[in-house]
Amino acid sequence: MISIREVHISDAPRLADMYSYYVENTAVSFEYEAPTADEFVMRIKRTTEKYPYLVCVDDGKVVGYAYAGAYSTRQAYDWTATTSIYVDKEYRRKGIGTLLYNELEKRLKEQGIVNLLAGVASCEDEDEYLTHDSSKFHLSKGYTQVAHMKAVGKKFNRWYDLLWYQKRL
């Protein structure tokens, strides 16, 4: 049975393991080294001070996670949040992302957030490190592309773009 719940600190090793695939094998994340479980504990604690951090569980196994963060520390931006989502590579295209984003957006709206931003790595032509899946996902969830920053991240000896998507709640 699939369910969505708030993250637990004890989820950190699983989240670190899931995320390490994206760091080591894709250009989805612009990090070069995968964070440890201890680093994930710190990230979870920082995020949950103000924003939701959710996991999707399938028969007791965490198979995806999504969270929000501050767009800026300036007070005028308090109603805008960034979103991030990662799904276990074996569970992609099974509706996990939609379940996570639906719940994340619901909680953010209840919190008074009215504007969501998502930064997505991009390239003109898909390659072995990056597809257009994340862009397609955000568009399907009602996000609109609002910015295209060219050649801002370099990974695997190639420059990648960053697309920004926006959604009003």
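Up top you'll find the structure we're talking about.
Residues numbered from 1 in each chain as written. Predicted model: local features only at pLDDT ≥ 70, side-chain atom pairs only at ≥ 80, totals over all residues. Heavy atoms only, no water.

J.: What exactly am I supposed to notice about the nonpolar core here?
T.: In a soluble, globular protein the nonpolar side chains are often hidden away together inside. Counting 23 residues, the largest nonpolar core has Ile85, Ile96, Leu100, Tyr101, Leu104 and Leu108 as the members making the most contacts within it. When residues of this core are traced back to their parent elements, those giving at least two are strand E2 (53–58), strand E3 (61–70), strand E4 (80–87), helix H3 (96–110), strand E5 (115–122) and strand E7 (158–168). By size, the runner-up hydrophobic cluster in this structure holds 17 residues, among which are Ala12, Tyr53, Val55 and Tyr65. (Core = buried A, V, L, I, M, F, W, Y, C linked by side-chain atoms within 4.5 Å. Buried < 20%, exposed > 50% of the residue type's maximum accessible area, 1.4 Å probe, protein only. Helix = DSSP H or I, 4+ residues; strand = E, 2+ residues; numbered from the N terminus.)

J.: Even after reading the chapter, I still don't get a nonpolar patch on the surface, so can you show me in this structure?
T.: Where nonpolar side chains cluster on the molecular surface, the patch consists of Phe30, Met149 and Val152 and spans about 220 Å² of accessible area. With respect to the helices and strands, the residue Val152 is situated in strand E6 (residues 144–155). (Patch = residues over 30% accessible without salt bridge, like charges linked within 9 Å, V, L, I, M, F, W, Y side chains within 5 Å. Areas by Shrake-Rupley, 256 points an atom, 1.4 Å probe, with all protein chains shown as cover. Salt bridge = Lys/Arg side-chain N within 4 Å of Asp/Glu carboxyl O.)

J.: It is not clear to me how the sheet that holds E7 should be interpreted in this structure. Could you clarify?
T.: Taken together, seven strands build an open sheet; the order of strands is E1-E2-E3-E4-E5-E7-E6 and the sheet is mixed. In this open sheet, the two strands that pair with only one neighbour each are strand E1 (2–6) and E6. The average undirected angle you get between the axes of adjacent strands in this sheet is 25°. Pairing between E2 and E3: six bridges, direction antiparallel. Residue Val57 lies in a different strand from E3, and its bridge partner there is Val62. (Pairing = 2+ DSSP bridges. Axes fitted to C-alpha atoms, helices over the stretch in contact; angles between N-to-C directions.)

J.: Sorry if this is basic, but what is going on with unusual backbone geometry here?
T.: Trans is the prevailing form of peptide bonds, just as negative phi is the prevailing case for residues other than glycine. Positive phi is not limited to glycine here, since Asp59 has a value of about 50°. With respect to the secondary-structure elements, Asp59 resides in the loop between E2 and E3. Asp59 gets classed as exposed once you look at its relative accessible area, which sits at 65%. With a phi close to 55°, Phe156 is a non-glycine residue in the positive phi region. Take Phe156: it is sitting in the loop between E6 and E7.

J.: Explain the pattern of salt bridges here, please?
T.: Any two side chains of opposite charge can pair, given that their charged atoms come close. A full pass over the atoms with the stated rule returns 16 salt bridges. Notably, a salt bridge pairs Asp78 with Lys50, separated by 3.8 Å at the nearest N-O pair. Here the residue Asp78 occupies a position in the loop between E3 and E4, and Lys50 occupies one in the loop between helix H2 (37–48) and E2, the gap between them amounting to 28 residues. A residue is classified by how much of its surface remains accessible, and Asp78, at 28% relative accessible area, is partly exposed. Between Glu103 and Arg107 there is a salt bridge, with the nearest N and O atoms lying 2.7 Å from each other.

J.: What is the right way to look at the environment of Tyr165 in this model?
T.: Following the sequence through the fold, Tyr165 ends up in strand E7. Residue Tyr165 is classed as buried on the basis of its relative accessible area of 2%. For Tyr165 and Ala147, which are 18 residues apart along the polypeptide, the C-alpha to C-alpha distance reads 7.2 Å. The contact partners of Tyr165, leaving out residues within four places of it in the chain, are Leu116, Leu117, Ala118, Val120, Ser135, His138, Leu139, Tyr143, Thr144, Gln145 and Val146. (Contact = heavy atoms within 4.5 Å.)

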